[in-house]
Amino acid sequence: MNDLSEMSMLFGGDYNPEQWPEDSWQDDIDKLKRADINSATINVFSWALLEPRESKYDFTQLDRLFELLEKNGINVILATSTGALPMWMSTKYPEVNRVNVEGVKQKQGKRHNACPNSRIFQKLVRQLVERIAERYAKKGNLVAWHVSNEYEGYCYCNKCVEEFRRWLQNKYKNLPNLNQGWNSNFWSHTINDWNEIIPPMLTTDLFSNGKSVLSGAEIDYRRFQSESLLKNFMLEKEAIKKFDRNHPVTTNFMGSKKDIDYFKWAPHIDIISWDSYPMPDDKASKSAMEHDLMRGLKQKPFILMEQTPNQQNWYPFNKLKQPNEMRMLSYQALAHGANGINFFQLKQSRSGAEKFHGAVLTVGDAVNSRTYREVQKLGKELASLPTDLQDSKFKAEVAIVFDWESYWGLENSIGPLEELSYVDEVQRFYKAFYDSGISVDFVSKTTNLEGYTVVVAPVLYMWNDEFVANITKYVKSGGRFLTTYLSGIANENDQIFVEGYLSPLQKLLGIKIDERDARSENEAINIVSNKGRLLGKATGVCDLVISQGAKSVAHYGKEVFYSDCSAITVNDFEKGKAFYCGAGLDTTGMKNLIQQLVDGTSLDVVNSVNFEVSTRISNNKKYTFIINTIDQTQDVKISGIKGVDLLSNKELCEKIHLEPFGTVILKSEID
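For clarity, every value in this text was computed on a predicted model and none was experimentally measured. (Residues numbered from 1 in each chain as written. Predicted model: local features only at pLDDT ≥ 70, side-chain atom pairs only at ≥ 80, totals over all residues. Heavy atoms only, no water.)

> Talk me through the packing of helix α15 (residues 422-435) against helix α18 (residues 587-598); I want residue IDs and the actual numbers.
At a minimum axis separation of 9 Å, α15 and α18 run at an interaxial angle of 70°. Considered as vectors, α15 and α18 are oriented roughly perpendicular to each other. You can see that α15 and α18 cross each other, and the crossing is right-handed. When α15 is examined against α18, the residues R428, F429, A432 and F433 are found in contact with a partner set consisting of M590, L593, I594 and L597. For the contact of α15 with α18, a count of residues per class yields seven nonpolar, no polar and one charged. (Axes fitted to C-alpha atoms, helices over the stretch in contact; angles between N-to-C directions. Helix = DSSP H or I, 4+ residues; strand = E, 2+ residues; numbered from the N terminus. Parallel < 35°, antiparallel > 145°, perpendicular 65-115°, else oblique. Left-handed = near helix turned anticlockwise from the far one by under 90°. Contact = heavy atoms within 4.5 Å. Nonpolar A, V, L, I, M, F, W, Y, C, P; charged D, E, K, R; others polar.)

Below, the structure written as structure tokens:
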């Protein structure tokens, strides 16, 4: 079983009863069952309890917990507990501890604290996970495996240095190829012996802002560490599969987290799961984008493994979720492809780093809290939803390319702006579609693009031959492609294309760029159509676009010397069209760009600011989610919408009344 569609929707979260007296467990479970909680993720950080001394295992407490959950009809997502090291391991084998980017050897503490290339760590992990898998694989209430926890962070120890050198030898074969790939002659960095190679660190080649002298070396080290952590995951997965080939194996991702190339990991994960913790002031489009990115990793439903029922505890300020907001965010996850809604945590920690983190069961009179009542309401609603909903899939006609290597390369660049966020720039384009009521899939540079009406590659800094061939085929066949400023700058080694920016697709785009401006928020430029209409304003990067056959759609205003240069172009290429946006447009400018992009297609632009419409489709049913993303009542009118609302059991059509943070799920037959 590689997914969970055959069973009721999982509704639960992380449960850490080892932090509480055992005689309180049954009372916890009774309260959770009253809220229709049907699953618990357990054993996430229990290594020191399971193996208090090397090769001395004690599963008695976990046995009792498993038995109690099974007796009460609670499903289990069983974690492997390998996300934090026990004290004895760090003491006996200090080489398992990471060295940080400053070159400081770490001691036992925190979590994510193991060197991924430590042979001792790998051996001890395998031994533990095999024993867990052998013991619990046939438990009747086991539904999934949860490997480690929120993989992140890099190690710079001597073992990682050795393995990195081997990794580079395998990739480049010889030193001339390495030096060419890294352009190592810059600042006398030429490598004359493999043993001279050390990772970019704050003590070596990283500046104080974290950016590297040799960007090719920095990107290679990120690739290497991402692959090293993946090998750790695969080691645990193989240990599990030795005893259990029936239940899916996952690990909890973290959305657009920078450290790991999730597209490279996705083929090895049975079902994607992730932890959603939006900033208190994030717009709804931000969490929607993260859901779509996680669904896009496999183009399949995912599990929302963690969210807080009320507030986080690690941001500069941690606002409470407003009444009904948690419910809204849960249905948003469902609308974008979630097949499970889980919380961190089911019971509040009584001490330690997470004692102020939100929980379903808080200290004191938990069942009479606002949080508990809202969780209870959501649980009853989720339990009433048809199982067919989990067999349904998200449908989108627009694809956005998300690329971790461009993420690394762009944010490692010194210039053209001091601070530039890859994710924020992608969000700029995603939000424009979101606000226009147009659903989006996220794809990689190698995803088959057939079937998409529009493909957008915002700030896709690094191009390779495979991507160029993929896009060329797509546009030739009639697709509409848009790319933007800071795209097509460098190859996969982060070396500027010597033939010029965008040169691999210059014929397809019909433009060239020799210069780019970079402007502050106080220096906005007007963006004007060829007929003189103001389309919006631009700040940040502004490319001086020169046509090489493309038609100019918009140009810069007279307040700059390059007003004769285009800001937006379109080029007819065989059966398709290739658009280029050279400027960081404001909201109005983005709205006009999206309209230009979809004109003449089947895509309809709907002004859906402050609410969203998403659709999931099964074999013969359509489920339309209409979600109010603000704390004010709204009446929205959507042409052609009709069906029975699964939450109120009322027949609704076109004009929909939404309470603050309200949700409607319309079920209808497919025409």
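> Which residues make up the sheet that holds strand β24 (residues 634-645), and what values do they have?
Strand order in this open sheet of six strands is β10-β22-β23-β26-β24-β25, and the pairing throughout is antiparallel. Whereas interior strands pair on both sides, the edge strands pair on one side only; in this sheet they are β10 (393-394) and β25 (651-658). Pairing of β10 with strand β22 (residues 611-617) involves two bridges; the strand directions are antiparallel. Within the sheet, the bridge partner assigned to F394 lies in β22 and is R616. Contacts from helix α11 (residues 325-335) reach β10, β22, β23 (621-628) and β26 (663-669), with the element oriented near 145° to β23. (Pairing = 2+ DSSP bridges.)

> Please provide a residue-by-residue account of the sheet that holds strand β2 (residues 39-42), values included.
Strand order across the open sheet formed by nine strands is β5-β4-β3-β2-β1-β9-β8-β7-β6, with parallel pairing between neighbours. Because the sheet does not close on itself, it has two edges, and the strands there are β5 (249-250) and β6 (252-253). The pairing of strand β1 (residues 10-14) with β2 spans three bridges and is parallel. Pairing of G13 across the sheet is with A40, part of β2. Contacting β2, β3 (75-79) and β4 (142-146), helix α3 (residues 60-71) runs over the sheet at an angle of about 170° to β2.

> Tell me what's going on with unusual backbone geometry, and back it up with residues and numbers.
The omega angle of the peptide bond from F344 to Q345 is 10°, so this bond is cis rather than trans. Mapped onto the secondary structure, Q345 falls in the loop between β9 (338-343) and α12 (370-384). In this structure, P416 follows G415 across a cis peptide bond, with omega equal to 0°. Position of P416 relative to the elements: it lies in the loop between α14 (404-412) and α15.

> Outline the side chain of S406, supporting the account with residue identities and numerical values.
As for its placement among the helices and strands, S406 is situated in helix α14. Its relative accessible area of 0% is what places S406 among the buried residues. Apart from residues no more than four positions distant in its own chain, S406 is found in contact with Y422, V459, L460, Y461 and M462. (Buried < 20%, exposed > 50% of the residue type's maximum accessible area, 1.4 Å probe, protein only.)

> Explain the nonpolar core to me, and be specific about the residues and the numbers.
I42, F402, F433, F481 and Y556 are the most contacted members of the largest nonpolar core, which has 198 residues in total. Ignoring anything within four residues of it in the chain, the contact list for F433 reads V398, I400, I438, V440, V454, V456, I594 and L597. Judged by nonpolar contacts, the second largest core, of nine residues, contains F611, V636, I638 and V664. (Core = buried A, V, L, I, M, F, W, Y, C linked by side-chain atoms within 4.5 Å.)

> Just give me the short version of empty space enclosed by the protein, but keep the residues and values in it.
Picture a little ball the size of a water molecule; that probe, rolled over the atoms, points out where space is still empty. If you walk through the whole model with that rule in mind, you get five cavities of 30 Å³ or more. Estimated volume of the largest cavity: approximately 140 Å³. Residue lining of the largest cavity: 15 residues in total, with T82, R98, F121, S148 and Y151 positioned closest to the centre. Examining the composition of the lining of the largest cavity, we find that three residues originate from one element, helix α8 (residues 215-241), more than from any other. Grouping the constituent residues of the lining of the largest cavity by class yields five nonpolar, seven polar and three charged. Lining the second largest cavity are 13 residues, with Y434, I438, S439, V613 and S614 sitting closest to its centre. At the level of elements, α15 and β22 are the ones that each hand at least two residues to the lining of the second largest cavity. The element contributing the most residues to the lining of the second largest cavity is β22, with three residues. Along the lines of polarity and charge, the residues of the lining of the second largest cavity split into six nonpolar, five polar and two charged. (1 Å grid on protein atoms, 1.4 Å probe; cavity = no way out; pocket = protein on both sides within 12 Å on 5 of 7 lines; lining within 4 Å. Points joined across faces, edges and corners; volume = space filled by probe spheres on them.)

> Describe the packing of aromatic side chains, listing the residues and the values that go with them.
All chains considered together, the criterion is met by 34 aromatic pairs. Between F164 and W167, the aromatic rings sit 6.2 Å apart at their centres with planes inclined by 25°, giving stacked as the arrangement. Of this pair, F164 and W167 both sit in helix α6 (residues 158-172), three residues apart, which is roughly one turn of the helix. We note R295 situated over the ring of F394; from NZ or CZ to the ring centre the distance is 3.7 Å. (Phe/Tyr/Trp six-rings, centres within 6.5 Å; stacked < 30°, edge-to-face > 60°. Lys NZ or Arg CZ within 6 Å of the ring centre and 35° of its normal.)

> Tell me what's going on with the pairing of β4, and back it up with residues and numbers.
The buried count for β4 comes to five of five residues, which makes it a mostly enclosed element. Here β4 pairs with β5 via two bridges, running parallel. Pairing of H146 across the sheet is with T250, part of β5.

> Would you mind going over the pattern of salt bridges in detail, with residue names and values included?
The full count for this structure, using the stated rule, is 34 salt bridges. Here K237 ties to D270 by a salt bridge, and the two come within 3.3 Å at their closest N and O atoms. Here K237 is found in helix α8, whereas its partner D270 is found in the loop between α9 (262-265) and β7 (273-275), with 33 residues between them in sequence. Judged on exposure class, the residue K237 and its partner D270 are both buried. (Salt bridge = Lys/Arg side-chain N within 4 Å of Asp/Glu carboxyl O.)

> Quick rundown of the packing of helix α10 (residues 284-296) against α11? Include the residues and the values.
Two numbers describe how α10 lies on α11: the axes approach to 9 Å, and their chain directions differ by 35°. Two packed elements cross with a definite hand, and for α10 against α11 that hand is right-handed. Each of A284, S287, A288 and H291 in α10 lies in contact with α11, whose residues at this interface are L329, Q332 and A333. In terms of residue class, the contact of α10 with α11 is built from four nonpolar, three polar and no charged.

> How would you summarise the environment of L593 if you had to cite specific residues and measurements?
Its location among the elements puts L593 in helix α18. Taking relative accessible area as the criterion, L593 reaches 3% and is therefore assigned buried. Remark: the alpha-carbon pair of L593 and W167, spanning 426 residues in sequence, is separated by 43 Å.

> Can you tell me about α18, naming the residues and giving the values?
In this model α18 runs 17 Å from its N-terminal to its C-terminal C-alpha over twelve residues, within 8% of the 16 Å that 1.5 Å per residue would give. Taken together, the buried positions of α18 are occupied by G589, M590, L593, I594, L597 and V598. All buried residues of α18 fall inside an arc of 155° around its axis, so they share one side. (Expected span 1.5 Å × (residues − 1). Arc of directions from axis to C-beta.)

> Any details on α15? Residues and values, ideally.
Quick reminder: α-helices carry 3.6 residues per turn. Residues three or four places apart thus point the same way. End to end, α15 covers 20 Å across 14 residues, agreeing with the expected 20 Å (1.5 Å per residue, within 8%). Every buried residue belonging to α15 is among Y422, V423, E425, V426, Q427, F429, Y430, A432, F433, Y434 and D435, and all of these are buried.

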